[in-house]
Structures are given as structure tokens and as C-alpha cells.
Amino acid sequence: MKTLDIGIAGAGPAGLAAALILSRQGHRVELIERFGQASPVGSGLMLQPTGLTVLSALGLLQPMLGLGRRIDRLYGADAKTGRTVLDVRYDALAGGRFGLGVQRSALFGLLHAAVLAAGISVRTGVTLTAATTSGRKAVLKDASGGVAGAYDLVIDATGARSAIAAQAATAPTVRELAYGAFWATLDSDGLAHDPTALTQRYDRAKVMIGILPAGRAEPEDRERVAFFWSVKVGDADAVKRAGLQTWKADIRAHWPDCGPLLDQIEDWDRLSLARYCHRTMRPPVAGRVVFVGDSAHSTSPQLGQGANMALIDAATLAHVLSLNDDVDAALAAYGRARRYHIGLFQMLSLAFTPFYQSDSAALAWVRDRLVATIARVAPAPALLASIVSGTLIDPFAAAGLKECDWAAVAAEFGRPRMIEAAPSLA
Ligand SMILES: Cc1cc2nc3c(=O)[nH]c(=O)nc-3n(C[C@H](O)[C@H](O)[C@H](O)COP(=O)(O)OP(=O)(O)OC[C@H]3O[C@@H](n4cnc5c(N)ncnc54)[C@H](O)[C@@H]3O)c2cc1C
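Residues numbered from 1 in each chain as written. Predicted model: local features only at pLDDT ≥ 70, side-chain atom pairs only at ≥ 80, totals over all residues. Heavy atoms only, no water.

Novice: What is the right way to read the side chain of aspartate 368 from this model?
Specialist: Its location among the elements puts aspartate 368 in helix α11 (residues 361-374). For aspartate 368, the contacting residues outside a window of four places in its chain are Asp78, Arg83 and Val85. (Helix = DSSP H or I, 4+ residues; strand = E, 2+ residues; numbered from the N terminus. Contact = heavy atoms within 4.5 Å.)

If you want it as C-alpha cells, here you go:
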């Protein structure tokens, strides 16, 4: 592939990773971001073996492991009865896999610093509204209708509510999800929790409270957790009007251990409301414009795959561009390469989400009685572990990646901060 001029819209995980890989392949890359200063949005997230393998290929695994918290288990219990509803362990699969709870700012900080160190041009404060193809060129338009740049290839990485994707010939149908969540990043001091687990409490499918150990934003920072409380987006204003104390009392009633976290929330500004939408762009290509990350596929974060899929998208796109002399052939190959992995996880997310976030008492009953029982019987534990790992279908080969040898990673980087003994709630 000859050297291309590539314009990348959006400096989230997908855009930053794509910029980094493609620049290392010798392409001239320009990143354009709407914020005056590129910065992360949101609280914490889980990196899976998929996303961690991409970070490893970028040489960023070691610093990421140093900042994040190793997660070995996803554990959820009924808030009233204490009955185990969900217990997924990575070690149900051979290979020593694990997840990593991270603060968004830690992931963003590493990728952004690497982009700047690589000398990649980053233009900020430009809101992009559309991308069109004219012959062999793709043109990015800004909010004033002016041309922000003309390139051999435009990569749209502007996220779930991408205006560029909405304008594209292959624009996906958007399904707004009724439930979202209040999220906050909070100090973990004094909190009795399992630092090796994403831990959740449920009351039917209407209430879901979670604590994700998310490590540090910077090496010298203190440890934090991402705390979330599921809410119907349409009810969020009424919840706020009822007052912070009422909201806290409700959470304490469901999960008294959350006290030290709630004490840190003094006003609603400490919480951000995340809204989710489900959409899949097929194919994730329109002319010389290609879509990666949430702009190509977004869903509820129930399976914790979004940022990982974004990183895999970026790696796969760069790989097919390195294999094909023709840009259009490469883009078609990208669509084919990501089709089944994305399709499967979008389908699973759509299927699983109502069991945890919906008004259905029946689905919650099935989850608590039937699914919880089946989940303990082989091969279900291994299957669930491979769903959570993002590896139910191998996404690595099509991205030209080899999955990390996790035992070797643990041996090289050590496990001290990752799995120190701590009180378990389970
Ligand atoms: C509450 C919550 C929890 C989540 N938990 C997890 C998890 O545990 N694990 C996981 O893997 N994923 C999780 N996700 C999903 C994950 O956050 C996304 O999949 C991931 O951030 C997608 O990355 P992206 O780069 O495609 O998009 P984004 O992160 O949305 O980045 C888009 C970038 O584009 C910029 N931009 C947007 N519009 C424009 C415009 N018009 N012009 C210029 N720039 C623009 C934005 O400012 C931003 O910098 C979660 C999501 C939410 C909301």
C-alpha cells in the first residue's frame, strides 16, 4: 500500500489507536477532535484480552497494566436474598486470561501521549458533521459546512452518536435503549469490596448497582472505582427531583456496603448519566469513508466490549490496508473481516441486556432461577468466560494479531498489585 493521507474524525480509543497504528505503518495521519482539548469522557471500563492484545501490539500493555486493576471475575447477587445470579470467572477457560478495570482517563492518557509522541497532527475544537466521497478523495465537513480536510481515506471514530455515520449511505438504524446509568469515579478508601471482581447487585431487572475496580489515572494517583447505578433514562429527572438523599437511601437499602462511595457524592454533578443506543452499520464503509468503534457499532455496555471492539477495529483496518494495494479492496476486506465478530457480540448484547436492564419481571425471574443454575454446568462457565473475554469468535487473526500469552504476561509484569488479598463480598 502506498502512503495515504488519512483523516481521522474523533480522538476516542478507536481514533487514537487507528492514528497510532496507521502512522507507524507510514501513512500521513491527521486526527480531528471536537473538544478544545482532547479529553476522555466517562468513568471506568473493562479492557478484555482482545483490547489488551491490541495495546500490547502498540507497546502500551505494560503501562496499562501498571495503572489498571486486574479483574478475574464478574460477580452479581440478588440484593434482597444474596443469591448468586452471575459468577463468570476468566479461569473457566485455559490460558490465564484476565480483564483489566481502568479509568477512561488512563486509557485515553496512554493512547493520547503515544499519538503526540509519534508527532501525529491533532486538530482540536473542530466539530465534524459529514464526510463525502468524491472520486478517490474523501472530504470531511465541519459544522459551518466548510471543508475540514480532503484525504485519500477518512476514518470516522466519532462514537455512538456519530453525525458522519448518520449521514452515510449505509447509516444504521438507531435503537435508543430505555435504560442508561448514573456513573461516577470514586475513591475506594474504606470500601469493603473485592478488588479482583466487577461486583454487582440486582433487584429484578430494574435495579443494577455495580462497582468496578478501575485502578489509577496516573501512577501517583490513588486507586479509584467506577460506581454505577442503572436508571431508566426517562426517569432520571424525576430521580434527581426526589433528591440526592432519597437516591442514596435507595442504594443503601439495596447494598449497604456502598456507604463510603455515597459519602463522596455531594451533588448530582458528581454523577454523569450515560445513555445507550444499539446500532450496527453494515457494511462499515461508505465510499472512501470507513467507520470504526462505536460509530460502526454501539450497544449497551452490559458485556463490556465496546472499547475493546474499537481497538480491534483499528488494528484490523490497519492490517487489511497493509495487505491490499487498493484502498477500496482494503475497505471491503475490513467489512468482511469484522462482520462476524461484531455481528455476534451485537446480537449477544441485545439478547443479554434486557435480563439486567428492563421492566420485565419474567426475564429477571428466568435470570435468577434458570440462567444462574445453567451457568454453573459445563460447558456454560467456559462459554461465558469466552463471551466476556470477547473471544467467542477469534478476532485476532483477521487483525494480524496473536493473542498475548497471558501466563507469560503475568510472569513478566508480576501480579502483586493485581491480585492482592482483600475482603470478598461473594
Ligand atoms: C457507561 C459506559 C460504560 C462502558 N463500559 C465499557 C466497558 O467496561 N468495556 C468496554 O470495552 N466498553 C465500555 N463502554 C463502551 C466504550 O466506552 C465505547 O465502546 C468506546 O468508548 C468507543 O470508543 P470510540 O473511540 O469508538 O468512541 P468514543 O469513546 O465515543 O470517542 C469518540 C470521540 O469522537 C469525538 N467526537 C464526537 N463527535 C464528534 C464530532 N462531531 N466532531 C469531532 N469529534 C467528535 C468525541 O469527543 C470523542 O473524543 C462503556 C460505555 C459507557 C457509556
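Novice: What am I meant to see in the nonpolar core here?
Specialist: Soluble, globular proteins show a tendency: their nonpolar side chains are buried together. Core analysis: the largest hydrophobic core is formed by 63 residues, its most contacted members being Leu47, Leu55, Met64, Leu111, Ile155 and Leu317. Tallying contributions element by element places helix α9 (residues 306-323) first for this core, with ten residues. With residues near it in sequence (within four places) discarded, leucine 317 still touches Ile155, Val290, Val292, Leu331 and Tyr334. If you look at the next biggest cluster of nonpolar residues, it comprises 23 residues, including Phe182, Ile209, Trp247 and Cys258. (Core = buried A, V, L, I, M, F, W, Y, C linked by side-chain atoms within 4.5 Å. Buried < 20%, exposed > 50% of the residue type's maximum accessible area, 1.4 Å probe, protein only.)

Novice: Please clarify how unusual backbone geometry should be interpreted in this entry.
Specialist: Note: most peptide bonds trans; most residues except glycine with negative phi. Looking along the chain, the bond that leaves arginine 282 and enters proline 283 is cis, with omega of -10°. Relative to the helices and strands, proline 283 resides in the loop between β19 (277-280) and β20 (285-286).

Novice: Explain the site of the ligand here, please?
Specialist: Around the ligand sit 28 residues, and of these Glu33, Met46, Arg104, Asp294 and Ala307 come closest. Proline 13 has a polar backbone atom sitting 3.2 Å from an oxygen atom of the ligand. At a separation of 2.7 Å, an oxygen atom of the ligand approaches a polar backbone atom of methionine 46. About the coverage of the ligand: the protein hides 86% of its 990 Å² of free accessible area. Of all the secondary structure elements, the ones that give two or more residues to the shell around the ligand are α1 (13-24), β3 (44-47) and α9. No other element matches α9, which puts three residues into the shell around the ligand. Looking at the shell around the ligand, its residues break down into 14 nonpolar, ten polar and four charged. (Near = heavy atom within 4 Å. Polar contact = N/O pair within 3.5 Å; in protein donor to acceptor, adjacent residues only side chain to side chain. Areas by Shrake-Rupley, 256 points an atom, 1.4 Å probe, with all protein chains shown as cover. Nonpolar A, V, L, I, M, F, W, Y, C, P; charged D, E, K, R; others polar.)

Novice: Is there a simple way to explain the sheet that holds strand β10 (residues 137-142) in this structure?
Specialist: Remark on secondary structure: sheet strands pair via backbone hydrogen bonds, oriented parallel or antiparallel. Across the sheet, which stays open at both edges, the three strands sit in the order β9-β10-β11 with antiparallel pairing between neighbours. In this open sheet, the two edge strands, each paired with only one partner strand, are β9 (128-134) and β11 (147-151). Shown here is a sheet whose adjacent strand axes are inclined to one another by a mean of 20°, direction ignored. Pairing between β9 and β10: six bridges, direction antiparallel. Looking at β10, one finds that serine 134 is bridged to lysine 137. (Pairing = 2+ DSSP bridges. Axes fitted to C-alpha atoms, helices over the stretch in contact; angles between N-to-C directions.)

Novice: Quick question: what am I supposed to make of the side chain of aspartate 194 here?
Specialist: Position of aspartate 194 among the secondary structure elements: in the loop between β14 (179-187) and β15 (197-203). Summary of buried charges: aspartate 194 has no salt-bridge partner, and the nearest side chain of opposite charge, arginine 73, is 4.2 Å away. (Lys, Arg positive; Asp, Glu negative; His and termini not counted. Salt bridge = Lys/Arg side-chain N within 4 Å of Asp/Glu carboxyl O.)

Novice: Before we go on, may I ask you to explain the pairing of strand β6 (residues 84-89) in this structure?
Specialist: Put simply, side chains in a regular strand alternate between the two faces of the sheet. Relative to β6, strand β5 (residues 73-78) runs antiparallel, the two sharing five bridges. By the bridge assignment, tyrosine 75 is partnered in β6 with aspartate 87. Linkage of β5 to β6, two consecutive antiparallel strands, is achieved through a turn of five residues, within which glycine 82 is found at a positive phi near 80°.

Novice: Can you help me understand the pairing of strand β16 (residues 207-215) in this one?
Specialist: Of all nine residues making up β16, nine are buried, and the element is well covered by its neighbours. Side-chain alternation along β16 places Val207, Ile209, Ile211, Pro213 and Gly215 on one buried face and Met208, Gly210, Leu212 and Ala214 on a second face that is also buried. Inspection of the sheet shows β15 paired to β16 by five bridges, in the antiparallel sense. Paired with tyrosine 202 across the two strands is methionine 208, which belongs to β16. Where β15 folds back on β16, the antiparallel hairpin that results is connected by three residues, among which arginine 204 adopts a positive phi of roughly 50°. As paired strands, β16 and strand β17 (residues 224-232) are joined by six bridges and run antiparallel to one another. Paired with glycine 215 across the two strands is arginine 224, which belongs to β17.

Novice: I keep staring at the packing of aromatic side chains and nothing clicks. Help me out?
Specialist: Two aromatic rings, taken as a pair, are described by how far apart their centres are and by the angle between their planes. Tallied over the full model, the rule gives eight aromatic pairs. Taken together, the ring pairs in this structure connect Phe182, Trp229, Trp247 and Trp268 into an aromatic cluster. Above the face of the phenylalanine 35 ring, arginine 34 is positioned so that its terminal group lies 4.8 Å from the ring centre. It is arginine 367 that lies over the ring of tyrosine 202; its NZ or CZ is 4.7 Å from the centre. (Phe/Tyr/Trp six-rings, centres within 6.5 Å; stacked < 30°, edge-to-face > 60°. Lys NZ or Arg CZ within 6 Å of the ring centre and 35° of its normal.)

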